[in-house]
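Per-entry structural report
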Amino acid sequence: MLRSLVGSEMCIRDRYQRRVRGRKTVSEMAAAWEKTAEEAKTDLESHKESLHSICDTLREEVRSGFTALREQLDAREKHLLEMVDEAEEKEKAGTLTARQESVDKCCEQLKAKTAEMKDLLAQGVFNNIAAITSEIQESEGELKALRSDIGELQIKVDAQLPTQHAKDAIERVEITAKDGTPGVWFSGNTRPASRPAAGNFTHNSMMQSGGEPMSALSTPIRSRIMPPTGSPSPAPRAIYINGLPHDTSEADLREVLGEFGEIDMVNSRHIASGGFAFVFYTTNEAAARALEKPRITIKGKMVNVLAKKQIVTSPSGTTIA
């Protein structure tokens with residue numbers, strides 16, 4: 001009886017200990033996957049920020065590219081208008097001005113001879129009236145010939161402005177991959193078997209080999225600088241500044257950071273909402289000089305100067321540029 005009681009007690013104790021150990025194991029498992037899930041969410045947020053930053057940079061490049069095209073078009077328009085003005089003045093001088101001078105000369109001669117005849121008639125002198133009359137008739141005939149020539153004159157121009165080829169060229173302006181394939185491509189996308197003709201890139205041509213369309217949001221954006229593997233590497237020529245006063249302007253950034261070298265572009269869109277910005281120099285050396293001072297003062301506030309990370313690798317191996 002005593003042995004039976006002792007055995008039962010030991011069995012109950014053993015079951016209790018196993019249950020406690022089981023509960024501990026479940027708790028540890030839950031803590032582990034919750035931590036993993038939190039890390040995954042953090043990584044996703046980081047990727048979203050990086051993707052948005054890179055797309056912002058791409059948007060700025062599109063805008064700056066079209067601004068340059070507009071400036072080029074404006075300059076070309078000015079040049080062509082000046083060409084038209086110059087041609088007008090040249091034609092006026094060669095065709096109209098000479099005739100105008102001939103008409104004016106005839107009119108002056110006729111006025112002079114008419115005045116001379118009036119004076120002679122007023123004086124009662126008639127000796128030279130016939131000769132003056134002949135000269136007036138001769139000048140009048142010359143004036144009538146000029147009038148006829150001017151009346152028959154036709155101003156025509158052989159000139160046109162063929163803009164269709166330029167319009168076609170604008171239609172062919174594309175965001176492309178390095179191999180020339182139009183579109184914003186992602187690191188995990190399958191390219192079309194044959195490259196579509198420029199200007200004819202449609203949704204149907206953006207198909208994977210299995211027939212499924214490739215989503216522009218399915219994988220991270222393709223970078224112009226994308227090593228296949230590796231840890232994050234700084235983007236050349238670029239720096240990242242955070243901790244900025246929310247009223248900081250692009251001019252403020254250029255004034256302070258311009259001392260390190262010539263600035264190519266400033267992405268200041270996130271200053272008001274997030275207090276950070278990206279500055280792109282024209283050379284790597286300028287960016288390196290800026291990074292030598294990790295703490296600088298802008299508008300009376302100390303801010304951080306960091307290397308802009310262009311490559312972010314997730315635990316799954318997906319790369320965002």
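The structure under discussion appears in the preceding block.
Notes on the structure follow. Think of each chain on its own: its residues are numbered from 1, step by step along the sequence as written. For a predicted model such as this one, the threshold for reporting local features is a pLDDT of at least 70, and the threshold for listing and counting side-chain atom pairs is 80 or more; totals across whole chains, interfaces and linings nevertheless cover every residue. Side-chain calculation: all heavy atoms of the structure are included, whereas hydrogens and water are not.

Describing a negative patch on the surface
Put simply, the test is: Here a patch means residues that are over 30% exposed by relative accessible area and free of salt bridges, tied together within 9 Å if like-charged and within 5 Å if nonpolar (Val, Leu, Ile, Met, Phe, Trp, Tyr). In short, Shrake-Rupley with a 1.4 Å probe defines the accessible areas, and a residue's cover is counted only from the protein chains shown. By definition, a salt bridge exists where a carboxyl oxygen of Asp or Glu is found within 4 Å of a side-chain nitrogen of Lys or Arg. His is not counted, nor are the chain ends; Lys and Arg add positive charge and Asp and Glu add negative charge. By convention, the point assigned to a charge is CZ for Arg, NZ for Lys, CD for Glu and CG for Asp. Here a helix means four or more residues in a row that DSSP labels H or I, a strand means two or more in a row labelled E, and each is numbered from the N terminus. To sort residues, take the accessible area from a 1.4 Å probe on protein chains only and compare it with the maximum for the residue type: under 20% means buried, over 50% means exposed, and anything in between is partly exposed.
Together, E82, D85, E86 and E88 make up a region of like negative charge exposed at the surface. Turning to its location among the elements, D85 is positioned in helix 1 (residues 2-123). For D85, a relative accessible area of 44% gives the class partly exposed.

Notes on the nonpolar core
Just so we agree on the cut-off: What makes a nonpolar core is a set of buried Ala, Val, Leu, Ile, Met, Phe, Trp, Tyr and Cys residues whose side-chain atoms join them at distances within 4.5 Å.
In this structure, I239, I241, L244, L253, L257, V279 and Y281 are the most contacted members of the largest nonpolar core, which totals 19 residues. One finds L110, M117, I129 and I132 within the second-largest nonpolar core, a separate group that totals 6 residues.

Quick look at helix 6 (residues 284-291)
Rule in force here: Directions pointing from the helix axis toward each C-beta atom define the arc.
Turning to helix 6, its buried residues number three or more, namely A286, A287 and A290. Along the axis of helix 6, the buried residues cluster in a sector spanning 100 degrees; they form a single face.

Some points on a nonpolar patch on the surface
Together, V62, F66, L69, L73, I170, V173, I175 and V184 give the surface a local cluster of nonpolar side chains, amounting to about 590 Å² of exposed area. With 4 residues, the top contributor of residues to the nonpolar patch is helix 1. Mapping V173 onto the fold places it in the loop between helix 3 (164-171) and strand 1 (234-242).

Looking at the pairing of strand 2 (residues 263-267)
To keep it simple, the criterion reads: By the convention used here, strands pair only if DSSP detects at least 2 bridges between them.
For strand 2, a buried count of 4 out of 5 residues is recorded, marking the element as mostly surrounded by other parts of the structure. Here strand 2 pairs with strand 3 (residues 276-281) via 4 bridges, running antiparallel. When the bridges of strand 3 are listed, I263 appears paired with Y281.

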